[in-house]
Amino acid sequence: MTFLIDPSIKLPRAKQINTSNGRRYQTPDGNVYPSITTLLGDQPEKKRSIAEWRARVGEEEANKISRQAANRGTDLHNLMEKYILGDEIDVKKIMPSTIARFRIVQKCLDANLQLVYASETPMFSDILRIAGTADLICEWDGEVTVIDYKTSRKRKTADMITDYFMQATAYSIMFEEHTGIECHNFAILIVSDEGEFDCFRGKRNDYVRQLIRVRDQYEWRKRNAA
């Protein structure tokens, strides 16, 4: 399937910088902002939960699971970007489990995606003082929408993925800030290892205050740690 790509969208690019304290992005004006994933991952309750999980399963097993999760997510993202941009996909060189996950998400895209604004695009917001790389921003079922692909070992419920909603909210604000195109919607597409698929749709404005509160707490911790 071939998707229409809007050639008029010109987003200012931020340069990705990987550090020992997380990912940062440098804007064309020289400002350096944390990635939205770094900011969300720095929440004390999240760090505590991960530390407890690592202690429970053991460092070796935790590292193995983390590597598998990272590889699984990267593989899906690479395939989705190629598909959306119309690049050739050689399925013979890709693990069957990766292709299976891709086919599930592909079916959802084919049914809902009408116009592509940005795919795997580094962005930033001077208003939020946050940056990140959005998976996809598009016309989705007739509405401008942020799309985020996720993989998971097990099926998720909405109350487990508030961070995903805040992440998409940040991307929507970044996009609107630099294009002037209103973007109030997001859809989180999650496929599990068992092949279960969910599309969680939501409204940005329901999570803006929570995102700003998390951002303020992050900045406070960094100031006081300096």
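Residues numbered from 1 in each chain as written. Predicted model: local features only at pLDDT ≥ 70, side-chain atom pairs only at ≥ 80, totals over all residues. Heavy atoms only, no water.

### Structural notes on the packing of aromatic side chains
Which entries qualify depends on this criterion: In summary, the pairing rule links any two rings of Phe, Tyr or Trp, Trp by its six-membered ring, whose centres are within 6.5 Å, and it sorts them by plane angle into stacked for under 30 degrees, edge-to-face for over 60 and tilted for everything else. The secondary structure listing takes helices from DSSP runs of H or I that are at least 4 residues long and strands from runs of E that are at least 2 residues long, numbered from the N terminus. Only when the NZ atom of a Lys or the CZ atom of an Arg is both within 6 Å of the ring centre and within 35 degrees of the ring normal do we say a charge sits over the ring.
Using the criterion set out here, one finds six aromatic pairs in the structure. Pairing Phe3 with Tyr83 gives two aromatic rings, centres 5.5 Å apart and planes at 85°, and the pair type is edge-to-face. With Phe3 in the segment before strand 1 (4-5) and Tyr83 in helix 3 (residues 59-85), this pair connects stretches of sequence that are 80 residues apart. The ring of Tyr164 has Lys150 lying over it, and the distance from NZ or CZ to the ring centre is 4.5 Å.

### A closer look at the confidence of the model for the protein
Residues shown with low pLDDT carry predicted positions that ought not to be read at fine detail. Note the following rule: Scored between 0 and 100, pLDDT is the confidence that the predictor attaches to each residue.
When the pLDDT values of the protein are averaged, the result is 94; 100% of them are 70 or greater. Of all helices and strands in the protein, the one with the weakest mean pLDDT is helix 3 (89), whereas helix 5 (residues 162-179) scores best (98).

### A closer look at the pairing of strand 8 (residues 185-192)
What counts, and what does not: A 1.4 Å probe rolled over the protein chains alone gives each residue an accessible area, and that area as a share of the maximum for its type sets the label: buried under 20%, exposed over 50%, partly exposed in between. DSSP calls a pair of strands paired once it identifies at least 2 bridges connecting them. The handedness of a crossover follows from its direction of travel: if, with the strands pointing away from the viewer, the path from the first strand over the helix to the second runs clockwise, the crossover is right-handed.
By the criterion of burial, strand 8 is predominantly enclosed, with eight of the eight residues buried. Where strand 7 (residues 143-152) lies against strand 8, eight bridges are found, and the strand directions are parallel. Along strand 8, the bridge assignment pairs Tyr149 with Leu189. Between the parallel pair strand 7 and strand 8, the chain is carried across by helix 5, and the sense of this crossover is right-handed. Bridge count for strand 8 against strand 9 (residues 197-203) is seven bridges, and the pairing is antiparallel. Note on strand 9: the bridge partner recorded for Ile188 is Phe200. A loop of four residues connects strand 8 with strand 9, the two strands running antiparallel in sequence, and Gly195 in this loop sits at a positive phi of about 85°.

### Section: the sheet that holds strand 5 (residues 113-125)
A sheet is described by the order of its strands in space; here six strands give the open sequence 1-5-6-7-8-9, paired in mixed fashion. For this open sheet the edge positions go to strand 1 and strand 9, each flanked by a neighbour on one side alone.

### A few points about the nonpolar core
For clarity, the threshold we go by: We define the nonpolar core as a collection of buried residues of types Ala, Val, Leu, Ile, Met, Phe, Trp, Tyr and Cys that are connected through side-chain atoms lying within 4.5 Å of one another. Residues are treated as being in contact if the distance between any of their heavy atoms lies within 4.5 Å.
Counting 33 residues, the largest nonpolar core has Ile36, Met123, Ile137 and Phe175 as its most contacted members. Among the secondary structure elements, those contributing two or more residues to this core are helix 1 (36-41), strand 5, strand 6 (130-140), strand 7, helix 5, strand 8 and helix 6 (208-225). For this core, the leading source of residues is helix 5, giving eight residues. Here Ile36 is in contact with Ile130, Ala131, Gln167, Ala170, Tyr171 and Leu211, once residues within four sequence places are set aside.

### A closer look at the pairing of strand 6
Burial of strand 6 is extensive: 11 of the 11 residues sit out of reach of the surface. Inspection of the sheet shows strand 5 paired to strand 6 by 10 bridges, in the antiparallel sense. For Val116, the partnering residue across the bridge sits in strand 6 and is Cys138. With antiparallel pairing between neighbouring strands as the criterion, strand 5 and strand 6 make up a hairpin whose turn holds four residues, including Arg129 at a positive phi of roughly 60°. Sheet analysis places strand 6 next to strand 7, joined by five bridges and oriented antiparallel. When the bridges of strand 7 are listed, Leu136 appears paired with Ile147.

### Some points on the sheet that holds strand 2 (residues 15-19)
Short version of the rule: Between N-to-C directions, angles span 0 to 180 degrees; the directions come from axes that are lines fitted to C-alpha atoms, helices contributing only their stretch in contact.
Taken in spatial order, the three strands make up an open sheet running 2-3-4, and their pairing is antiparallel. Taken across any chain shown, the strands that pair with only one partner, and hence form the sheet edges, are strand 2 and strand 4 (32-34). With strand direction ignored, the average angle separating the axes of adjacent strands in the sheet is 30°. Where strand 2 lies against strand 3 (residues 22-26), five bridges are found, and the strand directions are antiparallel. Within the sheet, the bridge partner assigned to Thr19 lies in strand 3 and is Gly22.

### A short note on the packing of helix 3 against helix 4 (residues 96-112)
The test is simple: Any angle that is under 35 degrees is reported as roughly parallel, and any over 145 degrees as roughly antiparallel; angles of 65 to 115 degrees are reported as roughly perpendicular and all others as oblique. Should the near helix be turned counterclockwise from the far one by less than a right angle, the crossing is left-handed, whereas a clockwise turn marks it as right-handed. Any residue outside Ala, Val, Leu, Ile, Met, Phe, Trp, Tyr, Cys, Pro, Asp, Glu, Lys and Arg is labelled polar, Gly included; the first ten of those are nonpolar and the last four are charged.
Following both chains from N to C, one finds helix 3 and helix 4 inclined at 45°, their axes separated by 10 Å at the closest point. Compared by their axis directions, helix 3 and helix 4 come out oblique. The interaxial crossing formed by helix 3 with helix 4 has right-handed handedness. Facing helix 3, whose interface residues are Arg72, Asp75, Leu76, Leu79, Met80, Tyr83 and Ile84, helix 4 presents Thr98, Ile99, Arg101, Phe102, Val105, Gln106, Leu109 and Asp110. Residues of the contact of helix 3 with helix 4, tallied by class, amount to nine nonpolar, two polar and four charged.

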